[in-house]
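# Survey of secondary and tertiary structure
Single-letter residue listing:
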Amino acid sequence: MKVSLNWLGHYVDINVPLSELCDKMVMSGFEVDGIEDLSESMKNVVVGQIERLEKHPDADKLQICFLNVGSDMPLQIVTGADNVFEGALVPVALHDSHLPNGMHIKKGKLRGVESFGMLCSGEELCLKDSDYPGAEVNGILILNDEYPVGTDMRSVLGLNDVIIDFSVTANRPDCQSVLGIAREVAVALKTKLKIPVPEYKTKGGNIKEYISVTVKDYELCPRYLGRTVANVRIGKSPDWMKKCLKAVGMRPINNIVDITNFVMLETGQPMHAFDLRDVNGSQIIVRRAKANESITTLDGKRHTLTPEMLVIADAKQPSCLAGIMGSLDSEIKEDTNSIFFESAKFRRDSVRRTARHLGMRTESSARFEKGIDIMNVEYAMERALQLIYELDAGDIIEGVIDCNAGLPQERVLNVSVSGINALLGLDISADDMVEILNRLSIKTTNSGDTLTCAIPSFRDDIEGRADIAEEIMRIYGYDHIIGTPMKGAIVRGKKPYDRLCADKIKIRLAAQGLYEIMTYSFISGKALDMLDISADDERRRSVVLRNPLGEEYSEMRTQLVSSMLNVLSTNYNRKISAVRFFEISKVFIPKSIPAVSQPEERYALCIGLYGEDENFFTLKGIVEDILSCFGISAEYDRDNQPYLHPGRQASAMSNGFPVAVFGEIHPDTAERFGIDTRAYIAEIRMDKLIDAPVEAVLYKPLPRFPAIERDLALTCDKELPVAEIEKTIRSSAGKNLEDIWLFDVYQGAQIADGQKSVAYRLVFRNPEATLKDEDVDASLSKMIKNLKEKGCVLRS
Amino acid sequence: MERMVILKEKLEQLRQQVLEQLNDMTDEKELNELRVRVMGKKGWLTEILRGMGGLPAEERPKAGQLVNRVRQELENKFDEVESNISELLKNARLKDESLDITLPGKKHELGGLHPLNGVLEELIDIFGSMGFDVVEGPEVETDYYNFEALNVPKDHPARDDQDTFYIAENLLLRTQTSSAQIRTMETQKPPIRMICPGRVYRADEVDATHSPVFHQMEGLVIDKGITMCDLKGVLEQFAKEIYGPETKVRFRPSFFPFTEPSVEVDVSCGVCGGKGCRVCKGAGWIEILGAGMVHPNVLSGCGIDPEIYSGFAFGVGLDRLTTTRHKISDIRLLFENDRCFLEQFNR
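Residues numbered from 1 in each chain as written. Chains lettered and ligands numbered in written order. Predicted model: local features only at pLDDT ≥ 70, side-chain atom pairs only at ≥ 80, totals over all residues. Heavy atoms only, no water.

On to the pairing of strand S5 (residues 75-79) of chain A, then. All names here are of chain A. Taking burial as the measure, the 5 residues of S5 include 4 buried ones, the bulk of the element. Where strand S4 (residues 63-68) lies against S5, 5 bridges are found, and the strand directions are antiparallel. Residue pairing across strands places isoleucine 64 opposite valine 78, the latter belonging to S5. Linking S4 to S5, which pair antiparallel, is a turn of 6 residues; within it glycine 70 sits at a positive phi near 95°. (Buried < 20%, exposed > 50% of the residue type's maximum accessible area, 1.4 Å probe, protein only. Helix = DSSP H or I, 4+ residues; strand = E, 2+ residues; numbered from the N terminus. Pairing = 2+ DSSP bridges.)

This is the structure we're talking about:
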């Protein structure tokens, strides 16, 4: 809410400097979003009168002006404009002056003649005709004689003002007005509030001779108030009113329109004026729009309406979108003779929906949406009529049309003093509470522990004790709140198990050099195309946003791979030679398509690596570590993810379920993401890790008897998975095999084509006794025999 | 008698000779050789002992004593020299092994938490020590939990402050972790002390201070006799632990639909101590979170009697806390995941 300090000063005494005013308002609940000193845009520009004009001796197109600028000596200025004349009042930029267009004027010489400043055009002062008559004329701005010579142009143009932008919270729609802010200023500064008292005289007649009003839907329009003005004298508004409007960025149009805008800004109540000639059948009907009815609004846009929307119609057609904007053909014109003033309350959610639906937002709709005071409807109308009367803009006709479905009674709340103090943790006296509430226009009396508060109609937000407590507190001052330590038994807070699991994973991954990353949960609908995921893949079933910021953020992700690839790509393209990353985040699995209920949200873990030292097995090592720390011993099967290298990908199977899928990125995918190196990615079902049964770690006695180590070197078909060999070793080794370590896999010289050499170190130990070589030899020969059946031959 | 004298002389001669040699001895190998030559089975001492055979029987014990005394002395001397030599050798080796200790250390490279989660862990620890449990809630929420139960009915103007991503009519991406308040109060009886960290979403265009995805941490306390002073006490402890023991906390009136009274919470600027500087834009205070006493409508909506119980709630923006704490100039850096960015927080 932008408020002109000058305007505000009409209603409340401001007896402190600007900064103190702002501080006090902030501490009573009105944040200051901005302060704009209009006077800073222009400096050293005054009203001057041309006393004499002379031709420039050396230039045909230049004239020398001798000006009276209010000082003893005439001022000499050379100008090239040809619309100046002796006696003309003009804006004069003196030596060392600043203009709103950024120009800095200094004295100088023009063709040898000294010039001590510049005469200004309307354009140079950034003025339009609506700001000052004649401002758009090609030449120097000729001023009217309203201000004497020497007057600062900022006074002429209303720039001696400061605009304060107060942030008004949603619970305070009453402060969407200068009077509302003034009321709060008066409380904050403890100064007097001067609310204008409307007074005017009518010119007889009867409104019923002019118009009838029917409200068909009191639900959407609880109150509709109308007055008429005849013999309207359309003209310019007075300067003071134009300054008020312009200060807050509103364009003055004519006295009638300006009055409606002025009253809206002053009281917060939007007003509308109809040209009575355009009201067909002299009937105003407040009703819902008919299906497919249409209206062309003031801004020239045509809208098709629905029965959800409220309109102000005449006998024939809608002439106004209730509370939002009037129609183009019912606007006030130069020759308008009689008008009908509307001051009404429209339901806020209805205005909000209609405005949203039609993509419109006006000063009026903004106020209706936040909610206006039903009792203020009448005051605003009275103010408008007072202004009509004072400006002599027309003859006010007798009679009021006030359609309403009953006006609310004053609400009275009884709240307990001790209850308020209990909530705040303070001991504020009942007297202090009463004093504060009365200053806030909440008429309050006190008896015993009870405050009886009459809530003014503009404070719909006050419903009970907590609201009263807040009102007291924001004026009493929050600095009175002194922190107390938490009472009650101090118990250490708990973390849920899934978070503990995540913590454990993070520690292990960080210890292996992985950094945690964080990416958006919504991704492009095309992200899965980038991974060549087939059309019927489950991961295509996703939760889709109705109103995304753009296609690239349109679906909730069902996997973390595409986000990880983007991050790998970013790093690779920044010439970072190696990275190890992980992300733990939610994926969203819808229960139906399209999603109409909450999806399953489950945690997933994604790991991404690239760099000289990385390969399939460095990744697999990390995956194995994570699985094993949840007690999962997986079997590894080949997988067929389209984004992974066909021969270098695997899924880790636990109880027949793939708990992890990982491998080297397919070169095509890598190329698509601009990664020109081998990169590796794993996606792990964190939910399955969390669900894995928790087994307490039990101590195994430390070995007391020595172990026997044997190396076993085999050759076999190169396609034979080592897992098969290992299985055979384990199954035939007997109970004393303690550990197997695969320490070499080799193909090449000395090994036949199509064969590989595999070398294991086997550790045997009997926990009960010292193991004998013979025992181990026996196990080994059985093992070698079984391995032979698998095609593994002992290397000599 | 002469034999005895000769033996004595021989012994003394040997003793002198050996001691002399030992005095100059610096080599371990030579020492060992000498030891064998003197003390060995065929060494000089043995030779002298053998020479005792010519002595009369009554003198032999005395001669044996003499020999043994010398043997013992030399033995000690050998040991002493040996230990001196090894000490010398060790010292020489240690001297030789001296390193340029300014060479860089060899590290096993560790990774680390994302800075935002680093900050979050700190908060969980601070609030955990005050008895706050960590809870989580869904990110895809119903309109009811995100708005209505928080005292924000449909078409309420307060909804304008939070541009919401919708999925279906009543299904949306939560705009605030406050939705977890309701889920907690519905399922848990007071006393309640919880924090709920998590991801939230608002349809803000991306810029240096806005992200459509960001993180909040909600806090909620419900019990008998909870006051606004308790709220301040908890937030003061939090602020002191995060911003330093001198930090002051200030409440400013504000509005949130689900708390009443509602406040914005500022901390004194750590850079200027409240005098006003560039960091706090001259205000002396930095806004860190919103808070308030839980609205009676919210309590009764969750089946908690506001006449018996009261409580407070607060919501911290984690992204902003992270960027201010580490002086990160642009929130987008948090989601870009440049390794050179991430490794800066690995401490």
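For the structure on display, the rule yields 77 salt bridges over all chains. Here A:Glu724 and A:Lys790 are joined by a salt bridge, their closest N and O atoms 3.8 Å apart. Pair noted here: A:Glu724 is in helix H19 (residues 722-732) and A:Lys790 is in the loop between helix H20 (773-789) and strand S39 (793-794), with a separation of 66 residues, a long-range link. A relative accessible area of 28% places A:Glu724 in the partly exposed class. A relative accessible area of 43% places A:Lys790 in the partly exposed class. The residue B:Glu82 makes a salt bridge to B:Arg35 at a minimum N-O spacing of 3.1 Å. Residue B:Glu82 is found in helix H4 (residues 60-96), and its partner B:Arg35 is found in helix H2 (residues 28-39); the two are separated by 47 residues along the sequence. Overall, B:Glu82 belongs to the partly exposed group, its relative accessible area being 29%. (Salt bridge = Lys/Arg side-chain N within 4 Å of Asp/Glu carboxyl O.)

To continue, consider the sheet that holds strand S38 (residues 755-764) of chain A. Residue and element names in this part refer to chain A. Spatially, 4 strands are ordered S37-S38-S36-S39 in an open sheet, and the strand pairing comes out antiparallel. Of all strands in the sheet, those with a lone pairing partner are strand S37 (737-746) and S39, marking the two edges. Bridge analysis of S37 against S38 gives 8 bridges, and the strand direction is antiparallel. Across the sheet, aspartate 744 pairs through a bridge with alanine 759, a residue of S38. Packing against the sheet, H20 makes contact with strand S36 (708-717), S38 and S39, and its axis sits at approximately 10° to S36. (Contact = heavy atoms within 4.5 Å. Axes fitted to C-alpha atoms, helices over the stretch in contact; angles between N-to-C directions.)

The next point concerns the nonpolar core. Residues A:Ile468, A:Phe522, B:Phe127, B:Phe238, B:Phe251 and B:Phe314 are the most contacted members of the largest nonpolar core, which totals 117 residues. Counting residues per element, this core draws most heavily on helix H8 (residues 228-243) of chain B, at 8 residues. Those residues within four positions of B:Phe238 in sequence are excluded, and the remaining contacts are B:Leu123, B:Ile126, B:Phe127, B:Met130, B:Ile288, B:Leu289, B:Val316 and B:Leu321. Ranked by size, the runner-up nonpolar core spans 91 residues in total, among them A:Leu225, A:Val248, A:Ile259 and A:Val311. (Core = buried A, V, L, I, M, F, W, Y, C linked by side-chain atoms within 4.5 Å.)

On to the interface of chain B and chain A, then. Between chain B and chain A, the contact holds 94 residues from the first and 90 residues from the second. Interface area lost by chain B to chain A is led by B:Asp155, B:Pro253 and B:Arg339, which between them contribute 9%. B:Glu336 is the salt-bridge partner of A:Arg574, the closest N and O atoms lying 3.0 Å from each other. Here chain B and chain A share 37 residue pairs in polar contact (both at pLDDT 80 or more) between them. Sort the elements by how many residues they give to the side of chain B that touches chain A and helix H5 (residues 115-129) of chain B lands first, with 8 residues. (Buried area = accessible area lost by both parts, 1.4 Å probe. Polar contact = N/O pair within 3.5 Å; in protein donor to acceptor, adjacent residues only side chain to side chain.)

A few words now on the sheet that holds strand S33 (residues 644-654) of chain A. Residue and element names in this part refer to chain A. Spatially, S27-S30-S31-S35-S34-S33-S32 is the arrangement adopted by the 7 strands of the open sheet, whose pairing is mixed. Unpaired on one side and paired on the other, strand S27 (515-516) and strand S32 (635-638) mark the two borders of the sheet. Helix H16 (residues 616-628) contacts strand S30 (579-589), strand S31 (600-610), S32, S33, strand S34 (657-665) and strand S35 (679-685) of the sheet and is inclined by roughly 160° relative to S34.

Attention now moves to the side chain of A:Ser343. All names here are of chain A. Examined against the element boundaries, serine 343 turns out to sit in strand S21 (residues 339-345). What makes serine 343 buried here is its relative accessible area of 0%. There is a polar contact of 2.7 Å between the side chain of serine 343 and the backbone oxygen of valine 377. Discounting chain neighbours no more than four positions away, the residues touching serine 343 are Tyr224, Leu225, Gln269, Pro270, Met271, Val377, Ala380 and Met381.

All right, on to a nonpolar patch on the surface then. Residues and elements named next belong to chain A. The grouping of Tyr497, Leu500 and Val694 at the surface amounts to a nonpolar patch, some 290 Å² of accessible area in total. Structurally, tyrosine 497 can be placed in helix H13 (residues 497-511). Exposure remark for tyrosine 497: the relative accessible area of 38% places this residue in the partly exposed category. (Patch = residues over 30% accessible without salt bridge, like charges linked within 9 Å, V, L, I, M, F, W, Y side chains within 5 Å. Areas by Shrake-Rupley, 256 points an atom, 1.4 Å probe, with all protein chains shown as cover.)

Attention now moves to the packing of H5(B) against H8(B). All names here are of chain B. Close contact between H5 and H8 brings their axes to 10 Å; oriented N to C, the two are set at 135°. The orientation of H5 with respect to H8, classified from their angle, is oblique. Here H5 and H8 pass one another in a crossing that is right-handed. Between H5 and H8, the contacting residues are Glu122, Leu123, Ile126 and Phe127 on the first element and Val234, Phe238, Glu241 and Ile242 on the second. (Parallel < 35°, antiparallel > 145°, perpendicular 65-115°, else oblique. Left-handed = near helix turned anticlockwise from the far one by under 90°.)

This next bit is on the packing of aromatic side chains. Within the structure shown, the criterion is met by 25 aromatic pairs over all chains. Taking the centre distance of 5.2 Å and the plane angle of 80° together, the rings of B:Phe127 and B:Phe132 count as edge-to-face. Here B:Phe127 falls in the buried class, since its relative accessible area comes to 0%. Three or more aromatic residues joined by ring pairs make a cluster, and in this case those are A:Tyr520, A:Phe522, A:Tyr553, B:Phe165, B:Tyr201 and B:Phe335. In this structure, A:Lys504 packs its charged tip against the face of A:Phe630, placed 4.5 Å from the ring centre. Positioned over the ring face of B:Tyr145 is B:Arg183, at 3.9 Å from the centre of the ring. (Phe/Tyr/Trp six-rings, centres within 6.5 Å; stacked < 30°, edge-to-face > 60°. Lys NZ or Arg CZ within 6 Å of the ring centre and 35° of its normal.)

If you walk through the whole model with that rule in mind, you get 5 cavities of 30 Å³ or more. The calculated volume of the largest cavity comes to roughly 430 Å³. Together, 27 residues line the largest cavity, and A:Arg499, A:Lys506, A:Ile584, A:Tyr603 and B:Asn117 are the ones closest to its centre. Of all the elements, H13(A) adds the most residues to the lining of the largest cavity, at 5 residues. The space that makes up the second largest cavity amounts to roughly 90 Å³. Residue lining of the second largest cavity: 13 residues in total, with A:Gly29, A:Thr169, A:Asn171, A:Arg474 and B:Ser254 positioned closest to the centre. Here the lining of the second largest cavity is composed, by residue class, of 3 nonpolar, 5 polar and 5 charged. (1 Å grid on protein atoms, 1.4 Å probe; cavity = no way out; pocket = protein on both sides within 12 Å on 5 of 7 lines; lining within 4 Å. Points joined across faces, edges and corners; volume = space filled by probe spheres on them. Nonpolar A, V, L, I, M, F, W, Y, C, P; charged D, E, K, R; others polar.)

Right, let's talk about the pairing of S34(A) for a bit. Residue and element names in this part refer to chain A. For S34, a buried count of 7 out of 9 residues is recorded, marking the element as mostly surrounded by other parts of the structure. Bridge count for S33 against S34 is 7 bridges, and the pairing is antiparallel. Residue pairing in the sheet places alanine 650 in a bridge with phenylalanine 662 of S34. Between S33 and S34, which pair antiparallel in sequence order, lie 2 residues; one of them, asparagine 655, sits at a positive phi of approximately 50°. As defined by bridge partners, S34 adjoins S35 across 5 bridges and the pair is classed as antiparallel. Of the residues in S35, the one forming a bridge with valine 661 is glutamate 683.

This part is about a negative patch on the surface. Residue and element names in this part refer to chain B. Negative charge collects at one region of the surface, where Asp27, Glu28, Glu30 and Glu33 lie side by side. Locating glutamate 28 in the fold gives a position in helix H2. Since its relative accessible area comes to 35%, glutamate 28 is described here as partly exposed. (Lys, Arg positive; Asp, Glu negative; His and termini not counted. Charge placed at Lys NZ, Arg CZ, Asp CG, Glu CD.)

Let's shift gears to the side chain of A:Asp314. All names here are of chain A. Relative to the helices and strands, aspartate 314 resides in the loop between strand S18 (310-313) and strand S19 (318-321). A polar atom in the side chain of aspartate 314 sits 2.9 Å from the side chain of asparagine 280. Of note is the side chain of aspartate 314, whose polar atom sits 2.7 Å from the backbone nitrogen of glutamine 317. The contacts of aspartate 314, once residues within four sequence positions are left out, are Asp278, Val279, Asn280, Gln283, Ile285 and Ser319.

To continue, consider the environment of A:Glu123. Residue and element names in this part refer to chain A. By the secondary structure assignment, glutamate 123 is in the loop between strand S10 (117-119) and helix H3 (153-157). Relative accessible area serves as the criterion here: at 66%, glutamate 123 is assigned to the exposed category. When the C-alpha atoms of glutamate 123 and asparagine 138 are compared, they prove to be 8.7 Å apart, with 15 residues separating the residues in sequence.

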